[in-house]
Structure formats: C-alpha cells, structure tokens
Amino acid sequence: MEHERFLNLQPELCALTGPLASDTIWLDQLLGELLTLKHKKHVIALARALYEEAPDADAKTLFERHPELRDPHTLVDVVRAITVLLQLINTVEQKEIVRINMQREVMGDSVPRPESLRDTIARLHAKGCSAEEVQSALMRIQICPTITAHPTEARRRSVLTKLIAVAEALTRASQAPETPHLDRPLSWRRLIEHELRHTLTALWDTSELRAAPYTAEDEVTNALYYFRHTILKVVPWVVNDLVLALHEFYPDHTFEIPPLFRFHSWVGGDRDGNPNVTPELTWRALLLYRETALSHYLDQVRSLQQVLTESVKATPPSEALAKSLDHDAAMVAIPEVQRARYAQEPYALKLEYIAARLRASLAHLTELQDFRAEGPRFLARPPAYASSAEFQTDLELIADSLRANQSEATARWSPLAALLTQVQVFGFHLASLDIREHSAEHESAVGEILAAGGVLQDARAYSQLAENDRIRLLTRELSMPRPLLPRETSLSPHTSRVLEVFHVMRHANRYLSPNASTAYVISMTHGLSDVLEVMLMAKEVGLIRGEPNGKGLQSDVDVVPLFETIHDLTVCDRLTHKLFRNPVYAAQLRARGGFQEIMLGYSDSSKDGGYLAANWALYDAQRRLARVCQRANVTLRLFHGRGGTVGRGGGRASLSILAQPPGSFSGRIRFTEQGEVVSFRYGLPPIAHRHLEQITGAVLTAVLRQPTGPRRLKQYYAAMERLAAASQKHYQHLVYGSPDFWHFYTQATPVAHIGRLSIASRPVMRPGKARAALQELRAIPWVFAWTQARFTVPGWFGVGTALETFCAKSPRQQALLREMYEKWTFFRMVVDNAELELARAHMPTAHHYCTRVQPKALGERFYREIESEFERSVRWVLAAAGHEELLERTRIVQRLVQMRNPIVLPLNKLQVALMAEWEKLSPDAPAEERTMIQNAILLTIAGIAAGMQSTG
C-alpha cells in the first residue's frame, strides 16, 4: 500500500535543522502512514487542503468550500489528526530540550552547562563567595512548588503517557548504533520504528475527550501521577548535583545540605468556587497523599534489599544498628524464614523490619477513612511508624553504620541516599495540602457561629457591621479561650461545610503529619476581618489554642491572605501593617515563630488592570510588603500565584526570581505550578530536573547576591508608575469602558464552550452566577478564550499605548526605556514576556472570530481597536528592546511559532465554522446532531490548546 506524509511538513523552510526537523518529518510521515493504513487517505487530502488554502479564506464558508466536512466522522478525524500532529510536535520539542541539555553536559567538562547547579556554584565561587557564605545561604533557602488543579491539562492521562512513550522512543532512536542497552534486545534499533508505529496507533485509537466529567477525585489522582512518576525521583538528582558542585569548587569544606524543597498542593483542598471539593474529598486526598508516600518508600526499601547485601563478616553493623535490630525483633513480627534468610546480612535484615513497619503504617490508613469517627484507633500503634522521623532515623542508622565500615560511597551514592533525601523532603505527607476558600464564604459562617454562641442576636447581624466593628468584635472573641459553639449545635449545611474543613486540618496535623495541612489561603482578602474570621473558626476547632494575651497561645495553622485585585495589591502593605499591630494576630505570629506567608494573585490582577499594570502592582507590592515585615521583624515568604500563560504571570520561573525587588527576597519562596505547566515541567524527568535546577540556582544566586538595583532605580520606578497608569487606563477602556464589550467577547471567542470541556472540576463562572458578566468569569477561562481566538490580549494589551505615551514628550524617554531594558531585570522580563505573547498572537486568525460578531459593525470596531493596539505594541516593544523583529533573541522559539501557525489555522477556522453551525441549530434539533457539533467544537479547543501549548 502506498503511504504518504500527513501534512508534508517542511520544517527546513522555517530554518529548523538537525534532530528537531528530522524528528518532525519522521512523525509527520508515520502519522500519514497510520492514516493510510486506517483507510483515511481522504482525511489526509482534506487536512492538506485546509493546511494549504489561503489564510484569509472565509472561515464561515468553510463547509461550502469543503462539503466533505459535513460528514461528522470525517470532520472529527481531520480535527483529531491535526491535533495529534501538534501533540507530537510538542513531544519533539521536549525531547529536543533534553537532548540539548545533555549535549551541553557532555561538552561541559571545562565550562559548566548554563544554569546548571554546577554553573551556579562556579559563578558564585568566581565572584568570591566563601564556603561559609554558601552554607549560610543554603540554610536559608526554602523552595515550595505548589501543584494546583487549575487550569488543568486538556489532554487525558492516557494520551499523555503515550506521548511520553513517543519521546522515549525518539530518544533511543537518536542514540549512536553502538550504544549499549542492557535492558533492550540486541535488535533494539530495528524495533524502534515498530514501537513508534504501535504507540501512534494506540494514540490514534484513544479518545481525545473524556467520556465522563472531570471530577475533583480525578484531579487528585492526576497530581499524584506526577509525584510518583517524576517529582520523587528528580529531587534527589538536584541534591546530588549540588553536592558534586560544592565538592568541586569548595573541596576543603564539608557542607550540610538541608531539605531545600517543601512541596505543597492545592489539589483536593482548593474550595474557592468549587463545590466539588468537600471536606470528605479533602480528607480522602490527604489519605491518598500519605498512601502514595508510604507505598513509594516500601518499593524503595524492597529495592534496597537487593543492593545492601553486605555480609556481617565484611561489614559488621555498628553498635547502634545492632541494638536497633534487637529492638525490632522484640517489636516487629516477621516470618522466621526471612529472619533466617538475612541472618548474615544485617542491612537487609534491618530493611526487612523497616518494610514490615511501613506495611503496618499503610494498613493503619484503613482505620482513618471517616474523619468524623475520631477515636483511639486514629493513633498509629507499633509496629507502624508514629512519624516519618522514626523512619528517617532507621535509614540513618544504616548510613552511619556503612560509613563506620569505610563504605562512604555506598552511604552517599547508593539508592539509600536518594531515599533519605526523599524522606527529608516529602515525609509521610508527600505534599502539604493547602486549604483555600473565598473570603465571602466565611462571612455568613462566622455570623452564624457568633449567633449560636450568643454573641449576636442573629446570624445576619454580623454582615451588617462596619469593618472596624467587625475587627473589634472578632478581636474580643479571639481573646477569650472558651469556644463559642455549645455541644451538639445544629448549624446550616453551608456553615457546617466551612467549619468541617478546619476539623479536617486538625485531624490531618494530629494523626497524619504535622506538615499534612498547615496553610489556609483566603482568596480576595480585602480587610483585617477576612483574616480574623479564619482565626476564629480555627480556634473553634482547636487549631488555635490558649490565650492570645498571654504567652501560651499555640497555633497549628498559617493564615495566608491572598491579594489579587489591583486595589488590594495597592493597599496590601497598609493592611498587613494593621494586621501585625492587632493583639490577637500578633500572638498568632509569635505562635508561628514570627513567620508570615502572603500570597499574590497574578490572574485576577491582570484581568482587573491589564498586563503591564498588574506586573507593576505585583512588583511594587512585594517591595512594600518586604519593608513592612522587616520593620516588624517578621519572616516573610511570598507565595506567587502564577499561571501558565504570560497573561496570568507565566514565563521563566528562574528569571522571575532574579527579577524580584532589591531587598525583598530572604530565600523562602512559594509558587504555583498549574495545569499544562505541570505536565510540561514534570511530565519527563529530565525536564523536571532542568526546571528545578534552574529555580534552585536562581534562588541561591538571589540570596547570595542580593541585587541593590540599578543606580537610577527610583527614576525607573517613577517611569513604571506612569507606564502602568497609561496601560491600565487603555486596557480598562477596552474591557470595562463599553457596555458592548461582553457582547463582543462572548461572540468573538469560544468562552461559552470552554466550560463544557472536561478539563477541570471547577466551574468557569463563580457558583450561583449566570454567564452574564465579565466580573463573574474566572481569570483562567478569560485567558483561555483569548488564546484560543489568537488575540492573546491579556499578555500585551495596553503596553503599546503606555510606551508610546511615555515617549511622546521627549526622545530622552525612549533612551530611558532602552536603559531600563538593559539594566533592570524586572523591566526586561516584562518586555520580553509581552514580546512572546505578541509573537503568539495572530491577528488574521483573530479576525475570523470577529466576523462572527453581530452586529457586524461591533465586531469590526473592537477588532480595529485591538489590531491598532497590537501594531502599536509590536512597534514599541521592539523599540524598547532594541530588536528588529519579534523573538530575534530566541530564534528557535520564533521558528517554531512560524511552523505552528499554519498548522493551527485550520483548527481555528473549523472552530469558527462549527460555532456558527451550533448557533444555527434550532431548539428542537436532534440530540445526536447537537452532541456531534458540540464534541467537534470541544475537539478544536483541545487541538488549539495543543498548538498554543496553553489552556490559560
């Protein structure tokens, strides 16, 4: 049978050369071969016709030009084939990132690989940092990646695993023929192409859309996949890199390496706007996190038994290890045959006892299924471990005994060291599960609690109080040690759900781990009462105990305000200052060791004020908050709520660390890892390694070389104030200045259909709100819809006007912008990220969407306004950066965008045509027809998301 390539891609025309181009051509060929074998040559022909037709061919008449698309099976096949090709191209890019970095590693004997930890330590050493300074910095570092469920991944887990298999096969195919593989057959090279064919066939035969809605339980399972598959494995790699680099450049110093990472998660605990995240779900998630950690450790211990087979004659156990074996024999029952088997192998015998204790710890989880049934069985009994510290002690006994027998290499470089690192970082809780809730949800619950406790006459009275009156009331009640609620109080379902989450946190910290759930994040924090309300409920269940006026207050929870609107970011330092002066909150701070975490929201601030204004508001808030905390002698950890796209704070995480305000960074940092960013950064272990090494290197550099900032920093700040104000004014004129904007936006983007795509358990609109107002639309679908229609407005709109207005009065202003770009990391990052989003935008494609808008004049008016600002922004971003064309400093990204655009365009046109077909349907149209069109639209959304590498 004659086979042909699918789209006949020619990546060399976009100047893509080498493995990236050859892999792209190969997969294009294999996909064409697969479709031919599946008797779908007509799909190839039709997709090719769409790919090659004029970009300005009217999308609304697509079905008239290509009537074959009216066949639903053909339509779906065309969309899926293009989507699969885009997914494969993404996979090729990831594999190329790994290849380039491994190539740099091989070539870097004399020059370290850029942004590796070896490179970081080499640079610090060259700048004169002493070993003592490096050690001090390491002790201050705390890196807290936080896995979130939103926006979640558009691709199904079954699709992702097959794409990972494609990457692995491509990697093997690129290796030299003589490369030995001890885990592969001798004929492995001849099998690779067949392996790829098999994987592509399975990928094609797997449905792109989920059959059932995505649930909160699915989100937990999805997050745990990345911990099992990648994160647990990669963290020891990063630590090993650091150890090797320190030994190379500071050979005469022995370093203590603390746990640099502390992983957190929102998956299963983020209740803000998600009614599916119930207290029961949160408790099940906590048990699953613990089960994942224990199961992983049990697997590793079993593997270690095959490694640590040293005999008692060659390496007699240390006295401490021998005593522990006697203690284990009295406490832990293991089969006699196992005791006899390992009688001459003390380390393997110790591991047998450890495995038995881990199994007992896993078995104990069955006693904890109902968090409301608290009782004696909730306490872990021997031989189960009472804590991860006991497990760590057992492993350290083995390591110390090995060192005492001159087996340092085994103690430091065997899997034992990796396991010890994992226990130090992940404990038995795996990741600390945050609880997040909207501030508005607390108000009615607190009102009901105060009424039930006899403080107020009725629950509604609290909501009628002014802010200062609320603060006085809450402060007074928090000062009293007695609980408010009498026993057996009957509360409304809403208040019960809000309060039960605090019970879940208390149970988790008491029975699972002190680190299981320690942070309560308050979305939309507007005032002090929002924080004190959470303290009141935490006190009611015993998370906060004692008298604030004395020294005996104890607290098991960090109360984390989240500032996310432009206004709240502007006043957050004043609010924080007042909070620190409140007597009960001052006691809370003392109880938490003088530590305060504050979260900054990148999504809603951008939706509120536009890209440039939001970035400046966030930067300025960081330096003002740092100043408040320094004056109050409070240790601050900023929690950056960054999304995947530039419009939601996305971009290179390491660069954002180095771009923080001078004096604002202490070494502690937390940031969200969201949706498709999680799958990109943690889908393949080498890419996760690269991501974490870049972050660690940036944090270490920022701590040791705190930037004082450019000499004219005050002048730069003044310039940014003007730029942000002009940008915000122009952005808000577009988005909020016309009553017709919502009408335009809902027609010119697929926002109405995004909520039907099963990629998250959380609604796109806030619960109880109709899809009728911009204010109620969440920031994620807001960005997602703009990206689908190729406007990418949230990542650049207003930048051009701001820069042009700033430079209008004097040519010196443009010179100042160029100076700011060259000398100020923050400004360079903002401009470069806007440049990337301008390159990802495609106005001709966006115009297809605008032609859908009725009346027609409305669509054209808004399109002209957006297009004019786009052209202005391109012109001025290039001027500020001193570039001739977009992305000229990152040619590979530029060329990939050029190759992707014509592949994505057919999906955009199909989406526009399908949305028109959907709107033509009469209310009594057959359900089958409605489902077919709806599913086809959802497939185009998934396909464009693959092409844009973004769901929002």
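Structure: above.
It should be emphasised that the depicted structure is a prediction, and the values quoted were computed from it without experimental measurement.

### Observations concerning the overall build of the chain
Piece 1. Helices and strands together make up the secondary structure of the chain, namely 39 helices and 11 strands.
Piece 2. In terms of its C-alpha atoms, the chain occupies a principal-axis envelope of roughly 80 × 80 × 65 Å.
Piece 3. Looking at the 952 residues of the chain, the share that counts as buried comes to 61%.
Piece 4. Across the chain, the fraction of contacts at a sequence separation of at least 24, relative to all contacts at a separation of at least 6, is 82%.
Piece 5. For the chain, the accessible surface area stands at approximately 37,400 Å², while carbon and sulfur atoms represent 53% of it.

### Comments concerning the environment of R470
Piece 1. By the secondary structure assignment, R470 is in helix α19 (residues 467-478).
Piece 2. You can call R470 buried: its relative accessible area is 10%.
Piece 3. For the pair R470 and A389, spaced 81 residues apart in the sequence, the C-alpha separation amounts to 43 Å.
Piece 4. Beyond its immediate stretch of four places on either side in the chain, R470 contacts E443, Y462, S463, L465, S529 and E533.

### Examining the pairing of strand β4 (residues 435-438)
Piece 1. With burial as the criterion, each face of β4 is covered, one bearing I435 and E437 and the other bearing R436 and H438.
Piece 2. As defined by bridge partners, β4 adjoins strand β5 (residues 519-523) across four bridges and the pair is classed as parallel. If you follow R436 over to β5, its bridge partner there is V521.

### Some thoughts on the pairing of strand β11 (residues 668-674)
Piece 1. Along β11, six of the seven residues are buried, which leaves the element largely enclosed by surrounding structure.
Piece 2. One ladder, built from seven bridges, connects strand β1 (residues 142-148) with β11; its direction is parallel. The partner of Q142 across the bridge, within β11, is R668.
Piece 3. As judged from the three bridges shared by strand β10 (residues 635-641) and β11, these two strands associate in the parallel manner. If you follow H640 over to β11, its bridge partner there is F671.

### Side note on the sheet that holds β5
Piece 1. The strand order β3-β2-β1-β11-β10-β9-β8-β5-β4 describes an open sheet built from nine strands, whose pairing is parallel. The sheet is open, and its two borders are formed by β3 (432-433) and β4, each paired with just one other strand.
Piece 2. Strands in contact with helix α24 (residues 602-609) are β9 (595-601) and β10; relative to β9, the strand with the most contacts, it is inclined by about 40°.

### Some words on the packing of helix α4 (residues 72-107) against helix α7 (residues 157-173)
Angle between the axes and distance between the axes: these two values describe a pair of packed helices.
Piece 1. Relative to each other, α4 and α7 sit at 50°, their axes nearing to 9 Å. The orientation of α4 with respect to α7, classified from their angle, is oblique. Considering only the axes of α4 and α7, their crossing is right-handed. Contacts from Q87, L88, T91, V92 and K95 of α4 reach α7 at V159, L163, V166, A167, L170 and T171.

### A look at the pattern of salt bridges
Piece 1. One pass over the full model with this rule turns up 62 salt bridges.
Piece 2. Across the salt bridge formed by E390 and R357, the nearest N and O atoms sit 3.1 Å from each other. With a gap of 33 residues between them, E390 in helix α14 (residues 388-404) and R357 in helix α13 (residues 346-364) connect regions that are remote in the sequence.
Piece 3. Take R357: its relative accessible area is 8%, and that puts it in the buried class.
Piece 4. Among the ionic contacts, a cluster of salt bridges with common partners joins D328, K350, R357, E390 and D394.

### Topic: the layout of surface pockets
Piece 1. One number sums up the size of the second largest pocket: a volume of about 760 Å³.
Piece 2. Residue lining of the second largest pocket: 29 residues in total, with V243, F255, I257, R403 and R412 positioned closest to the centre.
Piece 3. When contributions to the lining of the second largest pocket are tallied by element, the ones reaching two or more residues are α9 (216-249), α14, α15 (408-413) and α16 (415-426).
Piece 4. In terms of residue class, the lining of the second largest pocket is made up of 17 nonpolar, five polar and seven charged.

### Focus on α16
Piece 1. For α16, which comprises 12 residues, the first-to-last C-alpha distance of 16 Å matches the rise-based estimate of 16 Å (1.5 Å per residue) to within 8%.
Piece 2. In terms of burial, α16 is largely enclosed, as nine of its 12 residues are buried.
Piece 3. Looking at α16, one finds that the buried residues are L416, A417, L419, L420, T421, Q422, V423, V425 and F426.
Piece 4. Along its buried surface, α16 packs onto α9, α10 (279-305), α14 and α15.
Piece 5. G427 occupies a position one or two residues after α16 and carries a positive phi of about 50°.

### Topic: the packing of aromatic side chains
Piece 1. Scanning all chains against the criterion turns up 39 aromatic pairs.
Piece 2. Judged by centre distance (6.5 Å) and plane angle (75°), the rings of W616 and W824 are edge-to-face. Here the residue W616 occupies a position in helix α25 (residues 611-631), and W824 occupies one in the loop between α34 (811-823) and α35 (825-840), the gap between them amounting to 208 residues. Each member of the pair, W616 as well as W824, is classed as buried.
Piece 3. For the ring pair W616 and F826, a centre distance of 6.3 Å and an interplane angle of 55° mean the geometry is tilted. Of this pair, W616 sits in helix α25 while F826 sits in helix α35, and the two are 210 residues apart along the sequence.

### Quick word on the nonpolar core
Piece 1. Core analysis: the biggest nonpolar cluster contains 141 residues, and F791 and W824 have the highest contact counts within it.
Piece 2. Here this core gets 12 residues from one element, more than from any other, and that element is helix α38 (residues 891-920).
Piece 3. Among the nonpolar cores identified, the runner-up in size contains 102 residues, and L287, L351, F371 and F391 belong to it.

### Quick word on unusual backbone geometry
Piece 1. Geometrically, the link from P382 to P383 is a cis peptide bond, its omega value of 10° lying close to zero.
Piece 2. When you line up the elements, P383 lands in the loop between α13 and α14.
Piece 3. Even without a glycine there, the phi angle at Q406 is positive, about 60°.
Piece 4. As for its placement among the helices and strands, Q406 is situated in the loop between α14 and α15.
Piece 5. Judged by its relative accessible area of 71%, Q406 is exposed.
Piece 6. Of note, the phi angle at T792 is positive, near 50°, even though the residue is not glycine.
Piece 7. What makes T792 buried here is its relative accessible area of 2%.

### Things to note about the packing of α34 against α35
Piece 1. At a minimum axis separation of 6 Å, α34 and α35 run at an interaxial angle of 100°. In this view, α34 runs roughly perpendicular relative to α35, as classed from their interaxial angle. Facing L817, M820, Y821, E822 and K823 of α34, the residues of α35 in contact are T825, F827, R828, V831 and D832.

### Points about helix α32 (residues 779-788)
Piece 1. Within α32, 10 of the 10 residues are buried, which leaves the element mostly enclosed by the surrounding structure.
Piece 2. Among the residues making up α32, those that are buried are A779, I780, P781, W782, V783, F784, A785, W786, T787 and Q788.
Piece 3. Where α32 terminates, the next one or two residues include R790, which has phi positive at roughly 70°.

### What to know about the environment of A621
Piece 1. Summarising the element assignment, A621 is placed in helix α25.
Piece 2. Judged by its relative accessible area of 0%, A621 is buried.
Piece 3. For the pair A621 and T570, spaced 51 residues apart in sequence, the C-alpha separation works out to 6.6 Å.
Piece 4. Once you skip the residues sitting within four places of it in the chain, A621 turns out to touch L569 and C572.

Rules used in this analysis
- Residues numbered from 1 in each chain as written.
- Predicted model: local features only at pLDDT ≥ 70, side-chain atom pairs only at ≥ 80, totals over all residues.
- Heavy atoms only, no water.
- Helix = DSSP H or I, 4+ residues; strand = E, 2+ residues; numbered from the N terminus.
- Buried < 20%, exposed > 50% of the residue type's maximum accessible area, 1.4 Å probe, protein only.
- Contact = heavy atoms within 4.5 Å.
- Areas by Shrake-Rupley, 256 points an atom, 1.4 Å probe, with all protein chains shown as cover.
- Pairing = 2+ DSSP bridges.
- Axes fitted to C-alpha atoms, helices over the stretch in contact; angles between N-to-C directions.
- Parallel < 35°, antiparallel > 145°, perpendicular 65-115°, else oblique.
- Left-handed = near helix turned anticlockwise from the far one by under 90°.
- Salt bridge = Lys/Arg side-chain N within 4 Å of Asp/Glu carboxyl O.
- 1 Å grid on protein atoms, 1.4 Å probe; cavity = no way out; pocket = protein on both sides within 12 Å on 5 of 7 lines; lining within 4 Å.
- Points joined across faces, edges and corners; volume = space filled by probe spheres on them.
- Nonpolar A, V, L, I, M, F, W, Y, C, P; charged D, E, K, R; others polar.
- Expected span 1.5 Å × (residues − 1).
- Phe/Tyr/Trp six-rings, centres within 6.5 Å; stacked < 30°, edge-to-face > 60°.
- Core = buried A, V, L, I, M, F, W, Y, C linked by side-chain atoms within 4.5 Å.

Taken by themselves, the reported measurements are silent on function.
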